[in-house]
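# Structure at a glance
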Amino acid sequence: MMMKKVLCLATLVASATNASTTVAVLEFGKKGSVRRTTSNTLITSVTGIQSLWRAMSNEGPQHAGMTVVPDLFQKPKNSIVIGISVVNLDSMPILSKFVGNESSNVVGHMNVPGLKSKILCLKTGNSNSTTAETILETIKLQIVTRKLSSVHIKTEPKKAAQIDVKVREMMTFFEEYAGESPLVVYLVVDEEASLVHLHLESRDLEDENNNGDKEAGNDGNKGEEDFQFCFYYDNYDNCVNPYKDMFEIQYFNVVLGTSLGLTFLVFYALWLTVNMSLMPDMLLFGESVKNTCE
């Protein structure tokens, strides 16, 4: 009897350890406020997700190497986090489209080890829990705050189909609410341990298919594809990529333009000072006359 309990406990611990939380970044309305990078590292942490949220509102830097980054100029009208507790995606085809790459609204994905949907929702500072019956009503209350907020949906196996239908209604509402302005939705889904590996493989295969036109089916072309993402490894085994993404290009242009503008202002101010005319009512004029007389 004791051995059975130990085995059950070990199974539960292993499941919790192997479970994963998928964070799908969706964008509705006008596109361009958030962009996908060339990074292939899907694994991140709770603090990594928080750094993305801070960067979206210009409140702090973002962790390096993440698959999604905010645009430097265009910011979303609003952002909201939708957390869904442990689900079986095989029984929820509509939700699976957004957790995968089957929707045009999907910008990118990240994975956090463990079941972290509830924790991530609480990290927003303005979280509310709801059930399948009141999902839309709770979302409408949270989204009007104009600040990052979250809604955590409690799921039950027998209500999986009902929640899946609500997900479709929820996405329709986001599309209508966004209108012509960008709206970013972070869909945070706890995946069952037995399905995590399967869905990770599925997303990897979809990424390979999306980049299939860059492959020629031989080892030489495969090396060229790897070259696009990693040029070489430094002494600390960090992947060094000489190519710049859109965010880095925009940031460089802003820094360069600001530097040139400030330099011009400094030299212009010096020129005005050197060529300043001397008037009788100025102390500088009196000092110059005194020096002339001496």
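Presented here is a report on the structure given in the accompanying data block. Every value quoted in this text rests on a predicted model; they were computed, and no experiment measured them. (Residues numbered from 1 in each chain as written. Predicted model: local features only at pLDDT ≥ 70, side-chain atom pairs only at ≥ 80, totals over all residues. Heavy atoms only, no water.)

### A look at the overall build of the protein
A count of helices and strands for the protein gives ten helices and ten strands. For the protein, the residues scored as buried account for 38% of the 294 residues in total. Long-range pairs, those at least 24 residues apart, make up 76% of the contacts in the protein between residues at least 6 apart in sequence. Of the roughly 17,500 Å² that the protein leaves accessible, carbon and sulfur atoms contribute 60%. (Helix = DSSP H or I, 4+ residues; strand = E, 2+ residues; numbered from the N terminus. Buried < 20%, exposed > 50% of the residue type's maximum accessible area, 1.4 Å probe, protein only. Contact = heavy atoms within 4.5 Å. Areas by Shrake-Rupley, 256 points an atom, 1.4 Å probe, with all protein chains shown as cover.)

### Remarks on the pairing of strand 5 (residues 106–113)
Counting buried residues along strand 5, seven of its eight residues qualify, which places the element largely inside the surrounding structure. With seven bridges joining them, strand 1 (residues 20–28) and strand 5 adopt antiparallel strand pairing. Directly across from Val23, in strand 5, lies its bridge partner Met110. (Pairing = 2+ DSSP bridges.)

### Considering the sheet that holds strand 4 (residues 78–87)
Strand order across the open sheet formed by six strands is 5-1-8-4-7-6, with mixed pairing between neighbours. In this open sheet, the two edge strands, each paired with only one partner strand, are strand 5 and strand 6 (127–130). Strand-to-strand twist of the sheet, defined as the mean angle between neighbouring strand axes without regard to direction, takes the value 20°. In the sheet, strand 4 pairs with strand 7 (residues 149–153) via five bridges, with the strands oriented parallel. From the neighbouring strand, Val81 faces strand 7, where its bridge partner is Ser150. (Axes fitted to C-alpha atoms, helices over the stretch in contact; angles between N-to-C directions.)

### Examining the packing of aromatic side chains
The geometry of two aromatic rings is summed up by the distance between their centres and the angle between their planes. What the rule picks out here adds up to seven aromatic pairs. Note on Phe173 and Phe174: the rings are 5.8 Å apart at their centroids and 50° apart in plane angle, and the pair reads as tilted. Taken individually, Phe173 and Phe174 each receive the classification buried, so the pair is uniform in this respect. When the centroid spacing of 6.4 Å and the interplanar angle of 20° are considered together, the rings of Phe247 and Tyr251 count as stacked. Of this pair, Phe247 and Tyr251 both sit in helix 9 (residues 246–274), four residues apart, which is roughly one turn of that helix. What makes Phe247 partly exposed here is its relative accessible area of 28%. (Phe/Tyr/Trp six-rings, centres within 6.5 Å; stacked < 30°, edge-to-face > 60°.)

### Observations concerning a nonpolar patch on the surface
On the surface, Leu262, Phe264, Leu265, Tyr268, Trp271 and Leu272 cluster together into a nonpolar patch covering about 670 Å² of accessible area. Along the polypeptide, Trp271 turns up in helix 9. (Patch = residues over 30% accessible without salt bridge, like charges linked within 9 Å, V, L, I, M, F, W, Y side chains within 5 Å. Salt bridge = Lys/Arg side-chain N within 4 Å of Asp/Glu carboxyl O.)

### Concerning helix 2 (residues 46–56)
Burial runs high along helix 2: nine of the eleven residues are buried. Along helix 2, the residues classified as buried are Val46, Gly48, Ile49, Gln50, Ser51, Leu52, Trp53, Ala55 and Met56. Downstream of helix 2 by a residue or two, Asn58 has a phi angle that is positive, lying close to 60°.

### Quick word on the nonpolar core
Counting residues in hydrophobic clusters, the biggest one holds 34 residues, and the most contacted among them are Ile82, Leu95, Phe174 and Leu187. Those elements that place two or more of their residues in this core are strand 1, strand 4, helix 3 (93–99), helix 5 (135–143), strand 7, helix 6 (160–178) and strand 8 (183–191). For this core, the leading source of residues is helix 6, giving nine residues. Counting residues in hydrophobic clusters, the runner-up holds 19 residues, among them Val46, Ile49, Met56 and Val188. (Core = buried A, V, L, I, M, F, W, Y, C linked by side-chain atoms within 4.5 Å.)

### Remarks on the pattern of salt bridges
A full pass over the atoms with the stated rule returns three salt bridges. Measuring nitrogen to oxygen at the nearest pair gives 2.8 Å for the salt bridge that ties Arg35 to Asp71. In this pair, Arg35 sits in strand 2 (residues 34–36) while Asp71 sits in the loop between strand 3 (68–70) and strand 4, placing the two residues 36 residues apart along the sequence. On the basis of relative accessible area, Asp71 is assigned to the buried category, the value being 3%. Lys166 is paired through a salt bridge with Glu169; the nearest N and O atoms lie 3.7 Å apart. With Lys166 and Glu169 both in helix 6 and three residues apart, this pair spans about one turn of that helix.

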